[in-house]
Every structure is written in structure tokens, then in C-alpha cells.
Amino acid sequence: MAKVIVVTSGKGGVGKTTTSASFSSGLALRGNRTVVIDFDVGLRNLDLIMGCERRVVFDIVNVIHGEAALSRALIKDKHCDNLFVLPASQTRDKEALTLDGVQRIIDELKESFDYIVCDSPAGIEHGAYSAMYFADEALVVTNPEVSSVRDSDRILGILAAKSRRAVEGREPVKEHLLVTRYNPTRVAAGEMLSVDDIQEILRIPLLGVIPESEAVLQASNAGTPAIHLEKSDVAEAYKDVVARFMGEDVPMRFVTAEKVGLFKRLFGGR
């Protein structure tokens, strides 16, 4: 039975699309047939991060309006044989997304995919609601700052009250916390919230911590999901996230500051 997973948060710029690209890639690299859908109609970016922007012919709105078959809108990922991308429209309004239309797409995708990853836009408007309504599980992405955590808490309330599972009185959406742009040294200096602080506020299970890194920006600009950056902490962190999601017992890394030796303290780490 295919699972629908929404990658969401209230605040923009926290790393949802980066996470959607790397998480879906990680699932596919493990042999799962996976599709990732961009719900950010009007401001699509997933195709850029996946490196397939020049191959977009049809999009999710074309499929909903009957202007193209779903099979013609799906783009095969260049890194993973098992991964496909359904892009958003760059020219339509978010109101072009209808729950009936989205349901038809998801129902059809369930026939041939193991995982359907929904990349939600920021905020709590129509596009975000459409992305999370059919979710079985949710990756709630937050940065270690108060405004981001507060907005994520708002999203948790919507998942609990307005998702399809909530409306139909079924088992609730399974929620996972993902903390991005985490810097343990800044946490120790009191400049960021700690993982424990965030968990105390949101009270959902921690799936992973993605370290702060310039490599993420470099990967995005190159059209490569961060999970493909060999030997980088970010790639290893995303691989850990996927492993935990798949039920493996993986130690939590990148949450403690590196101890600085005497030599580095004396010479400024040079």
C-alpha cells in the first residue's frame, strides 16, 4: 500500500524543498518506487533543485484540468531510476489546485508507486492545505529559531484537525520532526534553540537533524539533491533520516558541538 508523505512547515525558507528532494531521492535509492510532487503553484522550485527544469512540459495543473495525462507530466529523475517528479505550474494560481483533482492524481499514483512525497509551499493557504490533506505521514521541517518552531506548531494543529484522516475520524497523520540548519556550536553559545528545546515545544518524535552547511546552497544551484553530495555531513544526515523513516535504529548525529583541542584554541583552528 502506497504511503503519502507531506513535507511541511509554516515558515518559508526552512528547507522543505531541499528536504523533499533529498528524502524522496533517499527512498528511491533504497529501491522504492517514489514520486515527489511540487505543490507550490506559481513559485515552483522543486524542478530546479532536482535539475529537471528544462524537461518540464506538463505540470500538475495540466493534469488536474485534463490537458495532459499524468504519465506525460511525470519526469524521470536523472540520478535515481525509481524516482519521478511531478512539477508545479509556474503561471497558474494556487486556486487551480482542487482536492478532487489532487485526489485523482494521488489515487492513480498509488497504483504504481510505493511512496508519494508532497512538497508543500510555505504558509497555511490553499496550496499547503492541498499538499497535506491526503497525507498518511508528515515531515515537519523547522529551523532552530522561535518563529520557525511556532509556525510548525500551527501546522501540527492543522494536520490534527483538517487532514483527511482527521475529517474522517481515522488514525491521525503520523508526525515526524526534522530540524534543519542546525549548528551545535551556536546552540551552545545560546544563539539557537537546542533540539531538546524544539522537542519540548512541538512534542513530536525527532526523525533527524540536518547540519547547517553551505553545501546545501551549492547543491541547489547545481540542480543536485543534497543527499548526493558524497562525504558531506548533509548527505549523511539525510541518509540517516531515510534509514530511521524505514524503521532502522540509527544513532542521532550532528547534535553536539565538536570539541576543540588546545592547538586549535591557541591558533584559532588554523
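First, a word on scope: everything that follows refers to the structure included in this document. This one's a predicted model, so the numbers in the text were calculated from it and none came from an experiment.

1. Observations regarding the pairing of strand S5 (residues 115–119)
Most of S5 is tucked away, with 5 of its 5 residues classed as buried. Here S5 shows no split at all, with Tyr115, Val117 and Asp119 on one side and Ile116 and Cys118 on the other all buried. Here 5 bridges tie strand S1 (residues 3–8) to S5, and the two strands are oriented parallel to one another. Of the residues in S5, the one forming a bridge with Lys3 is Tyr115. Here strand S2 (residues 34–38) runs beside S5; their pairing, made up of 5 bridges, is parallel. Residue pairing across strands places Asp38 opposite Asp119, the latter belonging to S5.

2. A closer look at the nonpolar core
Soluble globular proteins tend to pack their nonpolar side chains together in the buried interior. Ile60 and Leu109 are the most contacted members of the largest nonpolar core, which has 53 residues in total. Considering every element that reaches this core, the biggest residue donor is helix H7 (residues 146–162), with 5 residues. In terms of nonpolar packing, the next biggest core, distinct from the first, is built from 33 residues, Val7, Val14, Leu27 and Ile49 among them.

3. Focus: the packing of helix H1 (residues 16–29) against helix H12 (residues 233–245)
Axis angle and axis distance: for two packed helices, these are the angle between their axes and the distance between the axes, and together they describe the pair. Between H1 and H12, whose axes approach to 9 Å, the crossing angle comes to 60°. Relative to H12, the element H1 lies oblique. In the packing of H1 onto H12, the handedness of the crossing is right-handed. Where H1 approaches H12, its residues Thr18, Thr19, Ser22, Phe23, Gly26 and Leu27 are matched on the opposing element by Tyr238, Val241, Val242 and Phe245. When grouped by side-chain class, the residues that make up the contact of H1 with H12 number 6 nonpolar, 4 polar and no charged.

4. Digging into the packing of aromatic side chains
Following the criterion strictly, the structure yields 5 aromatic pairs and no others. Look at Phe84 and Phe113: their rings are 5.7 Å apart centre to centre, the planes differ by 75°, and that puts the pair in the edge-to-face class. Residue Phe84 is found in strand S4 (residues 83–86), and its partner Phe113 is found in the loop between helix H5 (99–110) and S5; the two are separated by 29 residues along the sequence. The exposure class of Phe113 is buried, given its relative accessible area of 5%. When the centroid spacing of 5.6 Å and the interplanar angle of 55° are considered together, the rings of Tyr129 and Tyr133 count as tilted. Placement of both Tyr129 and Tyr133 in helix H6 (residues 126–133) is noted, with a separation of 4 residues, approximately one turn of the helix. You can call Tyr129 partly exposed: its relative accessible area is 26%.

What counts and what doesn't
- Residues numbered from 1 in each chain as written.
- Predicted model: local features only at pLDDT ≥ 70, side-chain atom pairs only at ≥ 80, totals over all residues.
- Heavy atoms only, no water.
- Buried < 20%, exposed > 50% of the residue type's maximum accessible area, 1.4 Å probe, protein only.
- Helix = DSSP H or I, 4+ residues; strand = E, 2+ residues; numbered from the N terminus.
- Pairing = 2+ DSSP bridges.
- Core = buried A, V, L, I, M, F, W, Y, C linked by side-chain atoms within 4.5 Å.
- Axes fitted to C-alpha atoms, helices over the stretch in contact; angles between N-to-C directions.
- Parallel < 35°, antiparallel > 145°, perpendicular 65-115°, else oblique.
- Left-handed = near helix turned anticlockwise from the far one by under 90°.
- Contact = heavy atoms within 4.5 Å.
- Nonpolar A, V, L, I, M, F, W, Y, C, P; charged D, E, K, R; others polar.
- Phe/Tyr/Trp six-rings, centres within 6.5 Å; stacked < 30°, edge-to-face > 60°.

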